[in-house]
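Close look at the chain arrangement
Okay, here's what each chain looks like letter by letter:
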Amino acid sequence: MLTSKDKKTLRSIAQTRKALFQIGKDGVTLNMIKTISDSLEVHELVKVSLLKTCPLSVQEAALDIAGGTRSEVVQTIGRTVIFYRRSKENKLGL
């Protein structure tokens, strides 16, 4: 569970990063969840943007991805969601 201080730190780190994934008309698939999970293990902090063609709402997609990857939603800004999951190496130090 992230504290508000942790979320603030993660938001400041994520501000300079670009979205690594875009979710489009296919929505959230198992392959997408696997790919995001692998990326979370490497980067710990991942930004995902939803295109206008995505059939899911931002909240639905965020819950689906967070549940499938066992990560936490740090922030939702418009159609962009930031996810965090601590890796084995704990690169960000939280």
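Below: a short report on this structure. Note on numbering: residues in each chain are counted from 1, in written sequence order. Whole-chain, interface and lining totals are the exception, using all residues; otherwise, since this is a predicted model, local features are given only for residues with pLDDT of at least 70 and side-chain atom pairs are given and counted only at 80 or more. Side-chain descriptors were evaluated using all non-hydrogen atoms of the structure, hydrogens and water having been removed beforehand.

To define a nonpolar core, start from buried Ala, Val, Leu, Ile, Met, Phe, Trp, Tyr and Cys residues and group those joined through side-chain atoms within 4.5 Å. Only protein chains enter the accessibility calculation, which uses a 1.4 Å probe. A residue is then buried if its area is under 20% of the maximum for its type, exposed if over 50%, and partly exposed in between. Within the largest apolar cluster, 16 residues are counted, with the highest numbers of intra-cluster contacts made by F21, I23, I36, V48, L50, I65 and F83. Taken together, the elements giving at least two residues each to this core come down to β1 (21-23), α2 (30-43), β2 (45-50), α3 (58-69) and β4 (80-84). Ranked by residue count, the leading element in this core is α3, at five residues. Here, residues are in contact when the closest pair of their heavy atoms is within 4.5 Å. Beyond its immediate stretch of four places on either side in the chain, F83 contacts L40, E44, L45, V46, V48, A62, I65, A66, S71, E72, V73 and V74. Within the second largest apolar cluster, seven residues are counted, among which are L2, A14, I82 and Y84. Secondary structure follows DSSP: runs of H or I at least 4 residues long count as helices, runs of E at least 2 residues long count as strands, and numbering of each begins at the N terminus.

Moving on, we come to the pairing of β2. Most of β2 sits out of view: six of its six residues are buried. Taking every second residue as pointing to the same face, both faces of β2 are buried, with L45, K47 and S49 on one and V46, V48 and L50 on the other. Handedness is read with the strands pointing away from the viewer; a crossover is right-handed when the path from the first strand over the helix to the second is clockwise. Chirality of the crossover, the property in question, places the unit of β1, α2 and β2 among those that are right-handed.

Right, let's talk about α3 for a bit. Its twelve residues place the ends of α3 16 Å apart at the C-alpha level, agreeing with the 16 Å of an ideal helix rising 1.5 Å per residue. Of all the residues in α3, the buried ones are V58, A61, A62, I65, A66 and T69. For α3, the buried positions fall inside an angular range of 125° around the axis, keeping them on one side. Exposed and oriented more than 90 degrees from the buried face of α3 are Q59, L63 and G67. Elements that come into contact with the buried residues of α3 comprise β1, α2, β2, β3 (72-77) and β4. Directly after α3, the chain includes R70, whose backbone phi takes a positive value near 55°. By definition here, a helix of n residues has an expected span of 1.5 Å times n minus one. Within this analysis, the arc is defined by the directions that extend from the helix axis to the C-beta atoms.

Before going further, it helps to spend a moment on the side chain of S87. In this fold, S87 is placed in the segment after β4. Assessed through its relative accessible area of 7%, S87 is described here as buried. A distance of 2.9 Å separates the side chain of S87 from the side chain of E44, its partner in a polar contact. Those residues in contact with S87, other than ones at most four positions away along the chain, are E41 and E44. For this analysis, a polar contact is any N or O atom pair within 3.5 Å, provided that within protein one partner can donate a hydrogen and the other can accept it, and provided that sequence-adjacent residues contribute only side-chain to side-chain pairs.

Turning our eyes to something else, we now look at the sheet that holds β4. In this scheme, strands are said to pair when DSSP sees at least two bridges between them. As summarised here, the arrangement of the four strands in space is β1-β2-β4-β3, forming an open sheet in which the pairing is mixed. Each edge of the open sheet carries a strand with a single partner, namely β1 and β3. The average angle at which neighbouring strand axes cross in this sheet is 25°, direction not considered. In terms of strand pairing, β2 meets β4 through five bridges, oriented antiparallel. Lines fitted to C-alpha atoms define the axes, with helix axes restricted to the stretch in contact, and inter-axis angles between N-to-C directions lie between 0 and 180 degrees.

Time to look at the packing of α2 against α3. The geometry of α2 relative to α3 is characterised by a closest axis approach of 9 Å and an angle of 65° between their N-to-C directions. Judged by the sense of rotation from one axis to the other, the crossing of α2 with α3 is right-handed. Of the residues in α3, those touching α2 at I33, I36, S37 and L40 are D64, I65, G68 and T69. As a working rule, the residues Ala, Val, Leu, Ile, Met, Phe, Trp, Tyr, Cys and Pro are called nonpolar, Asp, Glu, Lys and Arg charged, and the rest polar, with Gly in that last group. Looking at the contact of α2 with α3, its residues break down into four nonpolar, three polar and one charged. A crossing counts as left-handed when the near helix is turned anticlockwise from the far one by less than a right angle, and as right-handed when that turn is clockwise.

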